[in-house]
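Letter by letter, the chains look like this.
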Amino acid sequence: LKMSWFWFYLPLRLLMVACLCHSIKDPTTSSQQSFKTDLFNFYHSLILADGKETTVHLLKDIPRRYYFVLEDGRALAPFTITVTPCDVPIEWTILVHKASTSFLGKATQGDHDTQEVSNSQKASSMVSTIFNYKGNSVETYMGMSSHSALYMLEFLSTERDTHITVYLTTDTTSGHLYPELPMDPRIDIISIGHTTVTLTWKHSPSVLQHRENIQYCLLVNEKHNYKSLCAAETAIRSSGMKLPPTLALSLSPYLLEPQQVMILSNSELSIINRVSSGEVRQICMGTKNTYTVPSLSPSTQYYFDVFVVNLLTNASAAYTGTFARTLEEPEPKVTELKDGKVIQVVLDGKKQKFHSLQYQARHKKIQFTFQLCRGQVRVHITKNGKTVASENISGLRYFSLKGKLFDTYLVQLRSTEETNSSVKVQVSPHFHKPLFPLLPESLKIKSFSKLRTCNSVTIAWLGTQEESKYCVYKKKIEEDQVWMELRSADRCSGPESRHKSEKVLCKYFYDINLQRAVTTETIKGLDAGTLYLFDVYLFGPSGIPVRYHSKVVKTRKRC
């Protein structure tokens, strides 16, 4: 039976008026009161749209009702209802009222109380519950509707205020709002590392049919699995963050909160939400069904949920979530330090970022010396478990420490960048003969632009109060090599690593007055309009060199 909503409302309103009038005549008639209540509930519910997802907000302990009549010419027509809880468990029920339209007409025209009571009893007996569910899982009911039946959906939350989404459809031929899940919707764990977990899952049939409109999104968190993307977004919001409703689904720009970081690389959208219970990551990776989650913390349990998302409708379906615990981080290798001995530690920026050194003091006063050779390194020193020094080092750095005999010192070295780093380390008693030379106030080399010619440049550098040997080296370089030469230079390497043809001169000098401890050199025999890299090496009593910061100078093109 087809009828417009207007014609459906009209007899229902008239029937309510009739019921109210007759209830005044005989207020003790229980069957009449029950029928009146049923119709009152139907009337004060909202119409549920066909083929559209509806968001329903529920107040605690207050039922919310929706109803629908399916306009289909067939006696029996299929329909499905999908309800997605977005937070706490809810209870929802489907009731059907099979009162005929002929009865509705008679009820509004009846002249005798007995006839109306009889009809109301008949109508009341035809209201029945056909489905009931309580929980927080996404649940779908599939049924056959009768054209003379009125359906009512009732939703109730007993824990707290919440919201849900409801989807009703009678169109079973033109596809689904929600993407389909495979027969086996489980997520498989391929491998587990210290900081990575590799996952795979079976393709959704929707991906195979509509690849351009479907994508997978992965949710990673440290709390628990989520049964829907709606529930996950609600949980993130409840932690105090303002989160767009389709955060993981939309690739369009929007304003991120300070606690959010968005990363877009290799066609993958990653959004990191910093919440009180740890990080929540949302990663959308297109139609790839294998993914390695990077940058996890060792020895930590993570929960993984995969959602297949329809980009046209923003509707999603959840795979069965899984969890895994990353492997414990291996104990860092500990190297014993000996008095006066220099060791060089190389740190792999990607694989081995940490290295530990241990030293047991045989004197009350000791000195740690660090010479940064390449990259960026942070030094952390503890004495008997308590921190005594922690900082990033550059050039040459000394730490003079006091303690007791047999104090145990632990030095932790950490690379602060992805590229390789290296550092030289020495520990010795405070009175020990210094291994490294006395350093000037600055290790910079200065060039004089006005003194440049087509075949010579003049450079200057600071000296010390201690007579020392200084050697100057030069090297021709191209414009596009400057950055790489300066960045990759090993500041711990000495002249032995240079070609003999690059040596310019060696000289000794010092000055008791530090204000006058400056020397200059004019390097001749250069090519016009050419870039040169100049280095100065300082040698102390032990013969270990310290390299000044390289200087790039270009000779004049015309003179």
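This is a predicted model, so every value here is computed, not measured.

1. Digging into the overall build of the chain
(1) Moving on: Regarding its fold elements, the chain presents 7 helices and 36 strands.
(2) Moving on: Counting all 559 residues of the chain, 44% fall into the buried class.
(3) Moving on: Considering only intrachain contacts with a sequence separation of at least 6, the fraction spanning at least 24 residues in the chain is 75%.
(4) Moving on: Put simply, the chain shows about 29500 Å² of open surface, and 52% of that area lies on carbon and sulfur atoms.

2. Points about the sheet that holds strand 3 (residues 64-68)
(1) Moving on: Sheet architecture is open: 5 strands sit in the order 1-3-8-5-6, paired in mixed fashion. The outermost strands of the open sheet, each flanked by one partner alone, are strand 1 (46-47) and strand 6 (127-135).
(2) Moving on: When strand 5 (residues 90-97) meets strand 8 (residues 150-156), the two strands line up antiparallel, connected through 7 bridges. Residue pairing across strands places glutamate 91 opposite leucine 156, the latter belonging to strand 8.

3. Quick word on the nonpolar core
(1) Moving on: Core analysis: the biggest nonpolar cluster contains 24 residues, and Phe368, Phe370, Ile381 and Leu413 have the highest contact counts within it.
(2) Moving on: Secondary structure elements with two or more residues in this core: strand 21 (342-347), strand 22 (354-360), strand 23 (365-374), strand 24 (377-383), strand 25 (386-393), strand 26 (396-402), strand 27 (408-415) and strand 28 (421-429).
(3) Moving on: Here this core takes 4 residues from strand 23, the largest share from any one element.
(4) Moving on: Residues Tyr66, Phe79, Phe131 and Leu168 belong to the second largest nonpolar core, which totals 23 residues.

4. Topic: the state of the cysteines
Think of a disulfide as a covalent bridge from one cysteine sulfur atom to another cysteine sulfur atom.
(1) Moving on: Considering all chains together, one arrives at 5 disulfides under this definition.
(2) Moving on: The side chain of cysteine 86 participates in a disulfide bridge whose partner is cysteine 230; the two sulfur atoms lie 1.6 Å from each other. With the S-S dihedral at roughly 110°, the linkage between cysteine 86 and cysteine 230 falls on the right-handed side. Of this pair, cysteine 86 sits in the loop between strand 4 (76-85) and strand 5 while cysteine 230 sits in helix 6 (residues 229-238); the two residues are 144 residues apart in sequence, bridging distant segments of the chain.
(3) Moving on: Across a sulfur-sulfur distance of 1.7 Å, cysteine 373 and cysteine 492 are joined as a disulfide pair.

5. Notes on the pattern of salt bridges
When their charged atoms lie close together, side chains carrying opposite charge are able to pair.
(1) Moving on: Evaluated as defined, the whole model comprises 13 salt bridges.
(2) Moving on: Linking lysine 475 and glutamate 485 is a salt bridge whose minimum nitrogen-to-oxygen distance equals 3.0 Å. Of this pair, lysine 475 sits in strand 31 (residues 468-477) while glutamate 485 sits in helix 7 (residues 482-488), and the two are 10 residues apart along the sequence.
(3) Moving on: Where aspartate 511 meets arginine 516, a salt bridge forms, and the shortest distance between an N and an O atom there is 3.9 Å.
(4) Moving on: A relative accessible area of 19% places aspartate 511 in the buried class.
(5) Moving on: Judged by relative accessible area, arginine 516 falls into the exposed class, the value being 55%.
(6) Moving on: A single salt-bridge network, built from bridges that share partners, covers Arg498, Glu502, Asp535 and Arg547.

6. Looking at the side chain of threonine 458
(1) Moving on: Inspection of the secondary structure puts threonine 458 in strand 30 (residues 457-462).
(2) Moving on: Accessibility expressed as a relative area gives 7% for threonine 458, which makes it buried.
(3) Moving on: Among the polar contacts made by the side chain of threonine 458, one reaches the side chain of threonine 522 at a distance of 3.0 Å.
(4) Moving on: Sequence-distant contacts of threonine 458, that is, excluding residues within four places in its chain, are made with Lys446, Ser447, Phe448, Leu451, Glu521 and Thr522.

7. Here's the deal with unusual backbone geometry
(1) Moving on: The phi angle at aspartate 61 is positive, at roughly 65°, despite the residue not being glycine.
(2) Moving on: At phenylalanine 406, a residue that is not glycine, the phi angle is positive and equals roughly 70°.
(3) Moving on: Here phenylalanine 406 shows up in the loop between strand 26 and strand 27.
(4) Moving on: Phenylalanine 406 sits in the exposed class, given a relative accessible area of 55%.

8. Thoughts on a nonpolar patch on the surface
(1) Moving on: Together, Ile189, Ile192 and Leu327 make up a nonpolar patch on the protein surface, roughly 210 Å² of accessible area in all.
(2) Moving on: Its location among the elements puts isoleucine 189 in strand 10 (residues 187-192).
(3) Moving on: You can call isoleucine 189 partly exposed: its relative accessible area is 32%.

9. A short note on the pairing of strand 11 (residues 197-201)
(1) Moving on: Among the 5 residues in strand 11, 5 count as buried, and that is most of the element.
(2) Moving on: Residues Val197, Leu199 and Trp201 point to one face of strand 11 and Thr198 and Thr200 to the other, with burial holding for every one of them.
(3) Moving on: Relative to strand 11, strand 10 is paired through 5 bridges, and the arrangement is antiparallel. Each residue of the ladder has a partner; that of isoleucine 187, found in strand 11, is tryptophan 201.
(4) Moving on: In sequence, strand 10 turns back onto strand 11 through a hairpin of 4 residues.
(5) Moving on: With 4 bridges joining them, strand 11 and strand 16 (residues 290-293) adopt antiparallel strand pairing. Bridging from a neighbouring strand, leucine 199 pairs with tyrosine 291 of strand 16.

10. A closer look at the side chain of lysine 424
(1) Moving on: As for its placement among the helices and strands, lysine 424 is situated in strand 28.
(2) Moving on: Although lysine 424 lies buried, it forms no salt bridge, and the closest oppositely charged side chain, glutamate 496, sits 6.7 Å away as judged by the N-O distance.

11. Considerations on the sheet that holds strand 33 (residues 518-523)
(1) Moving on: A sheet is described by the order of its strands in space; here 3 strands give the open sequence 29-30-33, paired in antiparallel fashion. Strands at the two margins of the open sheet, each flanked by one partner only, are strand 29 (446-447) and strand 33.
(2) Moving on: Of the pairings in the sheet, the one linking strand 29 to strand 30 comprises 2 bridges and is antiparallel in character. Across the sheet, residue lysine 446 finds its bridge partner in strand 30, namely alanine 460.

12. Observations concerning the confidence of the model for the chain
(1) Moving on: Chain-level statistics for the chain give a pLDDT mean of 79 and a share of 75% at 70 or above.
(2) Moving on: Confidence, read as mean pLDDT per element, is least for helix 3 (residues 101-109) in the chain (37) and greatest for strand 11 (97).
(3) Moving on: Low pLDDT (under 50) marks residues 1-29, which in the prediction has 50 contacts with non-local residues, meaning those over four places away or in another chain.
(4) Moving on: Across residues 100-118, confidence stays below pLDDT 50; counting only partners more than four residues off in sequence or on other chains, it has 22 contacts.

Quick notes on the rules
- Residues numbered from 1 in each chain as written.
- Predicted model: local features only at pLDDT ≥ 70, side-chain atom pairs only at ≥ 80, totals over all residues.
- Heavy atoms only, no water.
- Helix = DSSP H or I, 4+ residues; strand = E, 2+ residues; numbered from the N terminus.
- Buried < 20%, exposed > 50% of the residue type's maximum accessible area, 1.4 Å probe, protein only.
- Contact = heavy atoms within 4.5 Å.
- Areas by Shrake-Rupley, 256 points an atom, 1.4 Å probe, with all protein chains shown as cover.
- Pairing = 2+ DSSP bridges.
- Core = buried A, V, L, I, M, F, W, Y, C linked by side-chain atoms within 4.5 Å.
- Disulfide = S-S within 2.5 Å.
- Salt bridge = Lys/Arg side-chain N within 4 Å of Asp/Glu carboxyl O.
- Polar contact = N/O pair within 3.5 Å; in protein donor to acceptor, adjacent residues only side chain to side chain.
- Patch = residues over 30% accessible without salt bridge, like charges linked within 9 Å, V, L, I, M, F, W, Y side chains within 5 Å.
- Lys, Arg positive; Asp, Glu negative; His and termini not counted.
- pLDDT = per-residue confidence, 0-100.

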